[in-house]
Amino acid sequence: MTQDELKQLVAAAAIDLLPHGEIIGVGTGSTVNFFIDALAGIKQHIRGAVSSSERSTQRLRAHGIAVYDLNDVGQIPVYVDGADEIDPSGAMIKGGGGALTREKIIAEAAERFICIVDQSKLVQTLGQFPLPVEVVPMARELVARKLRDIGGEPRERTGYLTDNGNLILDVHGLRITQPREFETRVNQIPGVVTVGVFAHRGADTALIGTATGVERRDFV
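Residues numbered from 1 in each chain as written. Predicted model: local features only at pLDDT ≥ 70, side-chain atom pairs only at ≥ 80, totals over all residues. Heavy atoms only, no water.

K.L.:
I'd like a description of the pairing of strand β10 (residues 167–172), backed by residues and values.
P.N.:
For β10, the tally of buried residues reaches five of six residues, placing the bulk of the element in the interior. By the bridge criterion, five bridges tie strand β8 (residues 131–135) to β10 in an arrangement that is antiparallel. Residue pairing in the sheet places Val133 in a bridge with Leu169 of β10. Both strand β9 (residues 153–156) and β10 contribute to a ladder of four bridges, which runs antiparallel. When the bridges of β10 are listed, Glu156 appears paired with Leu169. (Buried < 20%, exposed > 50% of the residue type's maximum accessible area, 1.4 Å probe, protein only. Helix = DSSP H or I, 4+ residues; strand = E, 2+ residues; numbered from the N terminus. Pairing = 2+ DSSP bridges.)

Encoded structure:
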């Protein structure tokens, strides 16, 4: 199966786990695009969605799915999103698509986080994928220096601003053996909006697309 076919497989599997009559949290990225397309097929069974990016909002609305502001909704029952890497504990690196801050906010508001990935995203230790860090523009060099001090090689994502108007530093060369502690440490650097390690609020369930079908992993 191609990578796109694996993504379609897990997107369809996530549909089966959604509650009826609720507002669904929706992430950002290529796998989530397949999920949004699948969600359109059952839109009559949901109230609408809360979206983590302008791109996802546009795709949802193009399918006729109502998009709500999180402030008007409060807690949501489920959030569905992809990941750039996921480890055996359910900790993830996210933010390759640039929406990490809004993704982290919606994940925190959700009772359940379902991560949909193909098998290439499974890792034993986070860090092979460059770690996105959203940064207030005036703090770019300060944050970059602090990231170098902890062993990373930060590179500004050229010509890119987040939906929040901030920069992203993609940090290469990391090996994140203690994701929770690392997430806390980077988030405490002045000027960091958020780091793309999702460990304090990791996945509750992962749906993994493999050549033999969808593998489900639940994390306690």
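K.L.:
Would you mind going over the packing of helix α2 (residues 30–39) against helix α3 (residues 54–62) in detail, with residue names and values included?
P.N.:
Following both chains from N to C, one finds α2 and α3 inclined at 25 degrees, their axes separated by 9 Å at the closest point. Overall, the two elements α2 and α3 adopt an arrangement that is roughly parallel. Seen from above, α2 lies across α3 with right-handed handedness. Of the residues in α3, those in contact with Asn33, Ile36, Asp37 and Leu39 of α2 are Ser56, Arg59 and Leu60. Split into classes, the residues belonging to the contact of α2 with α3 amount to three nonpolar, two polar and two charged. (Axes fitted to C-alpha atoms, helices over the stretch in contact; angles between N-to-C directions. Parallel < 35°, antiparallel > 145°, perpendicular 65-115°, else oblique. Left-handed = near helix turned anticlockwise from the far one by under 90°. Contact = heavy atoms within 4.5 Å. Nonpolar A, V, L, I, M, F, W, Y, C, P; charged D, E, K, R; others polar.)

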